[in-house]
Amino acid sequence: MNVSHPKLILLTVCLVALMSTAGVAMPYPILAPIFVNSAPDAFNHFLGLPPKLLLGVALAANPLGILLGSTLIGALSDRLGRRRVLTGTLLLTFLGYLLTAYALWSRWYLLFVLARFVTGLTEGNVAVARAIVADLHPQLDRARSFAILNAVLYTGWLVGPLIGGLTLPLGEAVPFLLAAGAILLCLGVLLAFLPETGERMHQEQSLLQVMRGQHSFRLLSADPLLARLFWMQLAFAVGVNAFYEFYPLWLVEYARLDSRGIAVVTALMCVLMTSASVLLGKLGHKRAPLELARINAAWVALGLLGLSLLADLPWPGIGLIVLLGVPLAIYNAILPSWCSERFASLGQGSVMGLLTTIFCVANVLVALLGSVLTILDTRLVLVLGALTCGLAAAWLQGVIREAEEVR
């Protein structure tokens, strides 16, 4: 669809995505210190359970909420409009952050887990941001727009962990209060500058009917190639989440870093991710998209395997964590753009929602399984991630062949 001032809309979406993602990423460097390095109390030793197990449940609660929300948020934006859905989800996210801060202040573990779940229900709105970017095609080049959006998202992953890590010493609730403030700023920018985009679909149906019929999983029966891609992407997302969720614990245990050190390492990695995504957007690439994704999935697998072997060499391990940002950034810029182009007829919001859903399914699985593995050895989670990313790279070769056959 054609809109006025598409570049201004892209800029607005990027600003909203930046502040929203910063809030999502902010807890990553602080949860491991809160549960593993803090003085024992009723919060981090709830019911006498191991802190690592409690950490795993806390890690799983947020993506479980995102999983449930993202199966519907993208599809609902196809029907109700992107701006309306974004406004509602940001408001609920703001309230969720306030509840999370209160739970930490009151040392109430169950409320903390519930608050992280509730916040996650509405944090799947990155799918809506990606759908808006897809709506701007052909006025703006789709691949370049996705690369720019991904660069902004990585910047959010840089800013968020820095804020979380640097402000944690001021009080465990402080980072979440700052995240709530960032969400309010998001709302202001959205209401001031973002017009409605996207085709409104299924207006003759009730909201309940849309929720039943337009969830993202329905796409798996709509296109066999997308169903095959689902399992490949799930394998890769398991590996990526094994890295994202547990490299902070690796840094605590083997590099002896605190929340500030974890924040700095995360920031350096995100600088590389942002730079790689920006360069990809400006310079493009000569390889076929899925082939480039396959190569970078293989590099991620090798990097995770290498990290699992560097427990006695913390500084090379830290360097490897930072360098892993490059193949992750390239993969994450390529695959959504290819999916947006190949499966556009299924609804951009639904397709982007499915990608978010896959990531969250993997996030929950890794958080729960990984917390058990870390009781034995944190490196086992990284080995699991290396195996699943390697499987995804091999599986992607079959997806490439199938995509060429049905072209």
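Further up the page is the structure itself.
The structure presented is a predicted model; accordingly, all values stated were derived computationally and were not measured.

On to the nonpolar core. Residues Phe35, Phe243 and Leu251 are the most contacted members of the largest nonpolar core, which totals 139 residues. The biggest single contributor to this core is helix H10 (residues 224–253), with 20 residues. Those residues in contact with phenylalanine 243 that lie beyond four places of it in its chain are Pro248, Met269, Leu304, Leu307, Ile321, Leu324 and Leu328.

Two elements in contact, helix H4 (residues 82–106) and helix H6 (residues 126–135), have axes whose closest approach is 10 Å; the angle formed by their N-to-C orientations is 160°. In terms of orientation, H4 lies roughly antiparallel with respect to H6. Of the two elements, H4 crosses H6, and the hand of that crossing is left-handed. Across the interface between the two elements, Arg82, Val85 and Leu86 from H4 touch Val128, Ala131, Ile132 and Asp135 from H6. Counted by class, the contact of H4 with H6 contains five nonpolar, no polar and two charged residues.

Moving on to the packing of aromatic side chains. Each aromatic ring pair is characterised by the separation of its centres together with the angle its planes make. Tallying each qualifying case throughout the model produces 14 aromatic pairs. When the ring of phenylalanine 43 is compared with that of tyrosine 109, the centres are 5.7 Å apart and the planes differ by 75°; the resulting orientation is edge-to-face. Placement of phenylalanine 43 in the loop between helix H2 (28–37) and helix H3 (51–80) and of tyrosine 109 in helix H5 (residues 109–122) is noted, with a sequence separation of 66 residues between them. Since its relative accessible area comes to 0%, phenylalanine 43 is described here as buried. Residue classification places tyrosine 109 among the buried residues on the basis of a relative accessible area of 5%. Summarising the aromatic geometry, the rings of phenylalanine 243 and tyrosine 244 are spaced 5.9 Å apart at their centres and angled 40° between planes, so their arrangement reads as tilted. Here a set of aromatic residues connected by ring pairs shows up, and it is made of Phe35, Phe43, Phe46, Tyr109, Phe112 and Phe176.

Summed over the entire model, instances satisfying the criterion amount to five salt bridges. In this structure, lysine 52 engages glutamate 253 in a salt bridge whose closest nitrogen and oxygen atoms are separated by 2.4 Å. Placement of the pair is lysine 52 in helix H3 and glutamate 253 in helix H10, with a sequence separation of 201 residues. Considered together, lysine 52 and glutamate 253 belong to a single accessibility category, that of buried residues. In this structure, glutamate 291 engages arginine 294 in a salt bridge whose closest nitrogen and oxygen atoms are separated by 2.7 Å.

The backbone of leucine 47 shows a phi angle near 55°, a positive value even though the residue is not glycine. Inspection of the secondary structure assignment puts leucine 47 in the loop between H2 and H3.

What counts as what
- Residues numbered from 1 in each chain as written.
- Predicted model: local features only at pLDDT ≥ 70, side-chain atom pairs only at ≥ 80, totals over all residues.
- Heavy atoms only, no water.
- Core = buried A, V, L, I, M, F, W, Y, C linked by side-chain atoms within 4.5 Å.
- Buried < 20%, exposed > 50% of the residue type's maximum accessible area, 1.4 Å probe, protein only.
- Helix = DSSP H or I, 4+ residues; strand = E, 2+ residues; numbered from the N terminus.
- Contact = heavy atoms within 4.5 Å.
- Axes fitted to C-alpha atoms, helices over the stretch in contact; angles between N-to-C directions.
- Parallel < 35°, antiparallel > 145°, perpendicular 65-115°, else oblique.
- Left-handed = near helix turned anticlockwise from the far one by under 90°.
- Nonpolar A, V, L, I, M, F, W, Y, C, P; charged D, E, K, R; others polar.
- Phe/Tyr/Trp six-rings, centres within 6.5 Å; stacked < 30°, edge-to-face > 60°.
- Salt bridge = Lys/Arg side-chain N within 4 Å of Asp/Glu carboxyl O.

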